[in-house]
Amino acid sequence: VQLVESGGGLVQPGGSLRLSCAASGFTFRRYAMGWYRQAPGKERELVARITSAGDGTNYADSVKGRFTISRDNGKNTVHLQMNSLRPEDTAVYYCNAQGSVARLTYWGQGTQVTVSS
């Protein structure tokens, strides 16, 4: 199983980034997908989540209206479009796959997002 994130980097406040996660080694279309983040000294938190079919999403209150999660089950990818970025969005962002039972969960290695002028 592999989840490989890409698209992180340094961006100025108000800017945008698009994170991508390429999945392999499991039946992608059967898994809900999520993006989590962890800032220094803080716990990992859910940012956004999308159902296996892509017909339902939920977001952390702090990113609603700014971030959009999407998936392509034909390409085994999930994306996070991040707009109007703020310094407090600075964190390592992780891709997560969650199956129908708790033990079926996979994580990517993370990608750094830094929002700074």
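Up top is the structure.
Thresholds, definitions, all that
Residues numbered from 1 in each chain as written. Predicted model: local features only at pLDDT ≥ 70, side-chain atom pairs only at ≥ 80, totals over all residues. Heavy atoms only, no water. Buried < 20%, exposed > 50% of the residue type's maximum accessible area, 1.4 Å probe, protein only. Helix = DSSP H or I, 4+ residues; strand = E, 2+ residues; numbered from the N terminus. Pairing = 2+ DSSP bridges. Disulfide = S-S within 2.5 Å. Axes fitted to C-alpha atoms, helices over the stretch in contact; angles between N-to-C directions. Phe/Tyr/Trp six-rings, centres within 6.5 Å; stacked < 30°, edge-to-face > 60°. Lys NZ or Arg CZ within 6 Å of the ring centre and 35° of its normal.

### Section: the pairing of strand β4 (residues 32-38)
With five of seven residues buried, β4 is to be regarded as a mostly interior element. Summarising the sheet, β4 and strand β9 (residues 91-98) pair through seven bridges and their orientation is antiparallel. Bridge pairing in β9 links Tyr36 to Tyr94. Strand direction decides the pairing type here: β4 and strand β5 (residues 45-50), joined by five bridges, are antiparallel. Across the sheet, the residue bridging to Gly34 is Arg49, located in β5.

### Points about the state of the cysteines
Between two cysteines, a covalent bond joining their sulfur atoms is known as a disulfide. Evaluation of the coordinates by the stated rule reveals one disulfide. Disulfide partner of Cys21: Cys95, at an S-S distance of 2.2 Å. Between Cys21 and Cys95, the S-S dihedral sits near -85 degrees, and the bridge is therefore left-handed. Placement of Cys21 in strand β3 (residues 17-24) and of Cys95 in strand β9 is noted, with a sequence separation of 74 residues between them. With respect to class, Cys21 is no different from Cys95; both count as buried.

### A short note on the sheet that holds strand β7 (residues 67-72)
Strand pairs in the sheet, formed through backbone hydrogen bonds, run parallel or antiparallel to each other. Taken together, four strands build an open sheet; the order of strands is β1-β3-β8-β7 and the sheet is antiparallel. Two strands close off the open sheet at either side, each with one partner strand: β1 (2-6) and β7. In this sheet, neighbouring strand axes are inclined to one another by 15 degrees on average, regardless of whether the strands run parallel or antiparallel. Bridge count between β3 and strand β8 (residues 77-82): six bridges; the pairing is antiparallel.

### A closer look at the packing of aromatic side chains
Within this structure, the stated rule accounts for five aromatic pairs. Ring plane angle 50 degrees and centroid distance 6.3 Å describe the contact between Phe26 and Phe28, whose orientation is recorded as tilted. Owing to a relative accessible area of 2%, Phe28 belongs among the buried residues under this scheme. Members of the aromatic cluster, connected to one another through ring pairs, are Phe26, Phe28, Tyr31 and Tyr106. The aromatic ring of Tyr94 is capped on one face by Arg44, whose charged end is 3.8 Å from the ring centroid. Sitting over the ring of Trp107, Arg44 keeps its end group 4.6 Å from the ring centre.

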